[in-house]
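Close look at the chain arrangement
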Amino acid sequence: MPASTSTSTLRSQLEKDGFVIIRSLLSPAQLATLRAAAERTTALARAGKWPHVRTVGKQFPPWTWAPGVGIWGVQHLLNPALPDADAFARSYFGDEILGAARELLSCRSDDELVMELYNLLVRPDVREGEHGFELRWHRDDIPSSATPEEELARLQEPAWHAQWNLTLCDGDESLIVVPGSHARARTDAERLADPFEPQMPGQLAVRLDAGDVVFYDNNILHRGRYDARRERLSLHGSVGHVAGGKLCARNVLQHGVGSWVDECDFSILDEKQRARAEGMRARLVKLGRESGDVGYSLTG
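First, a word on what this report is: a plain description of the structure on this page. Computed from a predicted model, the values in this text were never measured in an experiment.

Calculation criteria
Residues numbered from 1 in each chain as written. Predicted model: local features only at pLDDT ≥ 70, side-chain atom pairs only at ≥ 80, totals over all residues. Heavy atoms only, no water. Phe/Tyr/Trp six-rings, centres within 6.5 Å; stacked < 30°, edge-to-face > 60°. Helix = DSSP H or I, 4+ residues; strand = E, 2+ residues; numbered from the N terminus. Buried < 20%, exposed > 50% of the residue type's maximum accessible area, 1.4 Å probe, protein only. Pairing = 2+ DSSP bridges. Axes fitted to C-alpha atoms, helices over the stretch in contact; angles between N-to-C directions. Expected span 1.5 Å × (residues − 1). Arc of directions from axis to C-beta.

A few words on the packing of aromatic side chains. Counted by the stated rule, this structure contains 10 aromatic pairs. A centroid spacing of 5.8 Å and a plane angle of 35° characterise the contact between Tyr92 and Trp164, whose relative ring orientation is tilted. Taken together, the residues span a long stretch of sequence, with Tyr92 in helix H3 (residues 85–92) and Trp164 in strand S6 (residues 161–167) at a distance of 72 residues. In terms of burial, Tyr92 and Trp164 fall into one category: buried. For the pair Trp164 and Phe215, a centre-to-centre distance of 5.7 Å together with 50° between the ring planes defines the contact as tilted. Here Trp164 is found in strand S6, whereas its partner Phe215 is found in strand S9 (residues 213–216), with 51 residues between them in sequence. With relative accessibility at 0%, the residue Trp164 sits in the buried group. With relative accessibility at 1%, the residue Phe215 sits in the buried group. These aromatic residues form a ring-pair network of at least three members: Tyr92, Phe93, Tyr118, Trp164, Phe215 and Phe266.

Right, let's get into the sheet that holds S6. Strand order across the open sheet formed by seven strands is S1-S9-S6-S11-S4-S3-S2, with antiparallel pairing between neighbours. Every other strand in the sheet has two partners, leaving strand S1 (19–22) and strand S2 (53–55) as the edge strands with one partner each. For this sheet, the mean inter-axis angle between neighbouring strands, taken without regard to orientation, is 20°. Bridge count for S1 against S9 is four bridges, and the pairing is antiparallel. Counted as the bridge partner of Ile22 is Val213 from S9.

We now examine the sheet that holds strand S5 (residues 132–134). Overall, antiparallel pairing links the four strands, which are arranged S5-S10-S7-S8 in an open sheet. One side of each edge strand has no neighbouring strand; the edge strands of this open sheet are S5 and strand S8 (204–205).

What follows deals with helix H2 (residues 28–46). Every α-helix winds through 3.6 residues per turn, so residues three or four apart in the chain are directed the same way. With 19 residues, H2 should reach 27 Å at 1.5 Å per residue; the first-to-last C-alpha distance of 27 Å fits that figure. Among the residues of H2, Leu31, Leu34, Ala37, Ala38, Thr41, Thr42 and Ala45 are the ones counted as buried. In a view along the axis of H2, the buried residues occupy a sector of 135°, so they form one face of it. Exposed side of H2, more than 90 degrees from the buried face: Pro28 and Ala29 are the residues found there.

By the criterion of burial, strand S11 (residues 233–241) is predominantly enclosed, with nine of the nine residues buried. Alternating residues of S11 divide into Leu233, Leu235, Gly237, Val239 and His241 and Ser234, His236, Ser238 and Gly240, and every residue in both groups is buried. Strand direction decides the pairing type here: strand S4 (residues 113–122) and S11, joined by eight bridges, are antiparallel. Across the sheet, residue Leu120 finds its bridge partner in S11, namely Leu235.

Below, the structure is given as structure tokens:
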């Protein structure tokens, strides 16, 4: 991890602002390997040969691909049926990401980590004459219909996820956040704003270059802005804390991970990573068995 962002400050920055950036997390070799894997995976999805995608025009799961439907994301990078799953597994279970995640979740060891999501966010396919695709302002696990009291009660619960965007391209400004909004209910101006308000008071476009990662509270007020004129390849992942239990279930299982997680083969990982991965998977499987049908956090 770069000395400019030591682990002793990560959690305090996340608690203060709702997000924290680590610059140049990956080595040039790691970056090159992951970018090549991401490019192949995106091409596979655009060609309709990988059905697990996020489709343009729909912000939240479930998504259904059909010929002619554009995509803005690729799901299930750890699914063993994906040709480049091994490269993504080395990234997800590696020390670079999980070292920071453990600090942010105050984990004492790998035994407290739970495998969650690993997806890829990409340049959107749009119709001729259109310049992009935007996501509305939202919190990942709190509906916009929540009252201020309901919103604040949920925000005061412990955060059991570490969520990140790890970009593989320079000049990514797709994530827009309102710093500090993870710790308070929305203001009247935020509640009355258009869902796609381009200039929310206090907003910040998070700029990342290749190899940079931003960890953010998934209930910070945020939106996405996807420019079809600019390449985007961002690894979008999350990992949980075992103490979250059923509170974590919907945020993860609504994406359909349970349908393939038992089939993962982590034999390509080194001994340390393999033990970590098997333990994290086992805790996710246990979570799924205990939780049943979890539904969806948000719709639309």
